[in-house]
Amino acid sequence: MRMVDLIEKKRDGHALTKEEIRYAIEGYTNGDIPDYQMSAFAMAIFFQDMSTEERAELTMAMVESGDQMNLSDVEGIKVDKHSTGGVGDKTTIALAPLVAALGVPVAKMSGRGLGHTGGTIDKLEAIPGFSVEINTSEFTRLVNKNKLAVVGQTGNLTPADKKLYALRDVTATVNSIPLIASSIMSKKIASGADAIVLDVKTGSGAFMKELDQSKELAEAMVAIGKSLGRDTMAVISDMNQPLGRTIGNALEVKEAIEMLRGEGPEDLLELCLTLGSHMVYLAKQAASVEEAKAKLKEVIANGKALEALKTFIEAQNGDASIVDDPSKLPTAKYLIEVKAAKAGMVSSIVADKIGTAAMLLGAGRATKESEIDLAVGIVLNKKIGEKVEAGESLATLHANSEDVQNVIDMVLGAYTISSGEVIKPTLIYEEIH
Ligand code: URA
């Protein structure tokens, strides 16, 4: 087989066989196929697309390019959740104990973030003592005992995806549905999921800005999951403004705790109930999605979800007393109000700008080497559809420096205040099965 023939075949719009896809991915991973040929191949896929069968083969070729998590000793149906990412997305921290409280095993491998705030691991490390460095047998033991454990990325998972993603990044081939869908699904399948619930974000702060694009990506991932024997569904949710009211690592942990206490923001709760009910249903812990949702509300109301969070934190050496007393989480030195210049209704908040502002405060990494400040971030006092008076606070910066005029300007620039009525945006657009 020759790579040049495969490039030509895809360039001319023909479907590739399993062997051909394997040849390309294996050869690229082990260095036999050079970057320039893989670039041409990715560009051919970009223009000619791939069938569902090809997408599934590409996914499996990437899964098998490296290690796979062996969760066979974990009892029950392991349901993983994946979000395509957004600003203020602390869903995992609230959702994992919420579904674990209903007996759904959550065996999660998470990463650190290169973005506006840290990833789930960084957020969890805002809890004093919390450790994600646990070996596989301890990880399995904890999931079987408590139904929940989170481990940092270990091993050499999907090296083909890592190499290909870096290449796509510099060859204008990131934005391709078959390549994105297989990239995301390869990581979920290599982490050992039996079933997968996807949260595909749409809007200004999302990877996919338009609803039809987000829907196409969701459909592509669901089709790959199903054709590989994983029960998969997707929810398309709004990212036209940050999720919840906090952006920043410790601040987001605090908001997740409030949600589990039944005192969190409405949008975070609605998203967790929607994603959670599908996870509980796919894990066969409820006879219907409606029943699952009712059970989730019950474990919030009776405190079992909060208990599951405490047990999880304790099991990973964290200080679980932060759940009852979140003031023990890292706090910033300065609270600085960002005030509205005029009265009206908030009609838009550009999520990306708020994310960048949080990063400038130190909540996220600008480069892989950057240190995160776990205490800093932004609390949004006003969200879309809320009234504001001139001089009233739109947002509070939690900062460790007083020299933040650039951040204040960026937050002000993210807000639009209008004089007319504003309708609150829809949170859940669609479910894809
Ligand atoms: N996220 C991924 O993991 N892969 C892509 O290709 C795009 C976004």
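This structure is a prediction, so every number in the text was calculated from the model and none was measured.

Conventions and cut-offs
- Residues numbered from 1 in each chain as written.
- Predicted model: local features only at pLDDT ≥ 70, side-chain atom pairs only at ≥ 80, totals over all residues.
- Heavy atoms only, no water.
- UniProt positions renumbered as here; feature names shortened; annotations may be inferred.
- Helix = DSSP H or I, 4+ residues; strand = E, 2+ residues; numbered from the N terminus.
- Domains from an automatic or database assignment.
- Contact = heavy atoms within 4.5 Å.
- Buried area = accessible area lost by both parts, 1.4 Å probe.
- Salt bridge = Lys/Arg side-chain N within 4 Å of Asp/Glu carboxyl O.
- Polar contact = N/O pair within 3.5 Å; in protein donor to acceptor, adjacent residues only side chain to side chain.
- Near = heavy atom within 4 Å.
- Areas by Shrake-Rupley, 256 points an atom, 1.4 Å probe, with all protein chains shown as cover.
- Buried < 20%, exposed > 50% of the residue type's maximum accessible area, 1.4 Å probe, protein only.
- Arc of directions from axis to C-beta.
- Pairing = 2+ DSSP bridges.
- Axes fitted to C-alpha atoms, helices over the stretch in contact; angles between N-to-C directions.
- Patch = residues over 30% accessible without salt bridge, like charges linked within 9 Å, V, L, I, M, F, W, Y side chains within 5 Å.
- Lys, Arg positive; Asp, Glu negative; His and termini not counted.
- Charge placed at Lys NZ, Arg CZ, Asp CG, Glu CD.
- 1 Å grid on protein atoms, 1.4 Å probe; cavity = no way out; pocket = protein on both sides within 12 Å on 5 of 7 lines; lining within 4 Å.
- Points joined across faces, edges and corners; volume = space filled by probe spheres on them.
- Nonpolar A, V, L, I, M, F, W, Y, C, P; charged D, E, K, R; others polar.

Before going further, it helps to spend a moment on the UniProt feature "domain: Pyrimidine nucleoside phosphorylase C-terminal" (unreviewed entry) in the protein. Cross-referencing UniProt, the feature "domain: Pyrimidine nucleoside phosphorylase C-terminal" (unreviewed entry) maps to residues 345-418 in the present numbering. As annotated, residues 345-418 has a helix share of 28% and a strand share of 30%, and its two end C-alpha atoms lie 5 Å apart.

With domains assigned, the protein is organised as domain 1 (3-48), domain 2 (79-324) and domain 3 (331-418). In this structure, domain 1 and domain 2 have C-alpha centres spaced 32 Å apart. Taken together, the contact pairs 11 residues of domain 1 with 12 residues of domain 2. Here domain 1 meets domain 2 over a buried area of about 1000 Å², counting both sides, of which 77% is carbon and sulfur. At the surface where domain 1 touches domain 2, the tally comes to zero salt bridges. Between the two partners, domain 1 and domain 2, sit one residue pair in polar contact (both at pLDDT 80 or more). For the side of domain 1 that touches domain 2, the secondary structure elements donating two or more residues are helix H2 (18-29) and helix H3 (35-48).

We now examine the site of the ligand. Neighbouring residues of the ligand: Tyr165, Arg168, Ile180, Ser183, Ile184, Lys187 and Phe207. At a separation of 2.6 Å, a nitrogen atom of the ligand approaches a polar side-chain atom of Ser183. A distance of 2.5 Å is found between an oxygen atom of the ligand and a side-chain nitrogen or oxygen belonging to Lys187. Computed on the free molecule, the ligand has an accessible area of 240 Å², of which 86% lies beneath the protein chains in the complex. Put simply, the parts of the chain that give the shell around the ligand at least two residues each are helix H8 (159-169) and helix H9 (177-190). In terms of residues, the shell around the ligand owes the most to one element, H9, which gives four residues.

We now examine helix H1 (residues 3-11). Of all the positions in H1, only Met3, Leu6, Ile7 and Lys10 are classed as buried. End-on, the buried residues of H1 take up no more than an arc of 100°, which puts them together on one face. Packing partners of the buried residues in H1 comprise H2, H3 and helix H4 (52-63). Gly13 occupies a position one or two residues after H1 and carries a positive phi of about 85°.

Attention now goes to the sheet that holds strand S9 (residues 377-380). Read across the sheet, four strands follow the order S6-S9-S11-S7 without closing on themselves; strand pairing throughout is antiparallel. At either margin of the open sheet sits one strand with a lone partner, and together these are strand S6 (246-247) and strand S7 (334-339). Sheet topology note: the S6/S9 ladder contains two bridges and is antiparallel. Note on S9: the bridge partner recorded for Ile247 is Ile378. Most of the contacts of helix H15 (residues 351-361) go to S9, to which it runs at about 140°, and overall it touches S6, S9 and strand S11 (393-399).

Together, Glu210, Asp212, Glu216 and Glu219 make up a region of like negative charge exposed at the surface. Its location among the elements puts Glu216 in helix H10 (residues 211-227). Taking the relative accessible area as the measure of exposure, Glu216 reaches 41% and is therefore partly exposed.

Considering all chains together, one arrives at four cavities of 30 Å³ or more under this definition. For the largest cavity, the calculated volume is near 60 Å³. Leu71, Lys78, Val79, Asp80, Ala107, Ser191, Gly192 and Ala193 together form the lining of the largest cavity. Looking at the second largest cavity, the residues that line it are Val79, Asp80, Lys81, Thr92, Leu95, Ala96, Val106, Lys108 and Met279. When contributions to the lining of the second largest cavity are tallied by element, the ones reaching two or more residues are strand S1 (79-83), helix H5 (91-100) and strand S2 (106-110). Looking at side-chain class alone, the lining of the second largest cavity contains five nonpolar, one polar and three charged residues.

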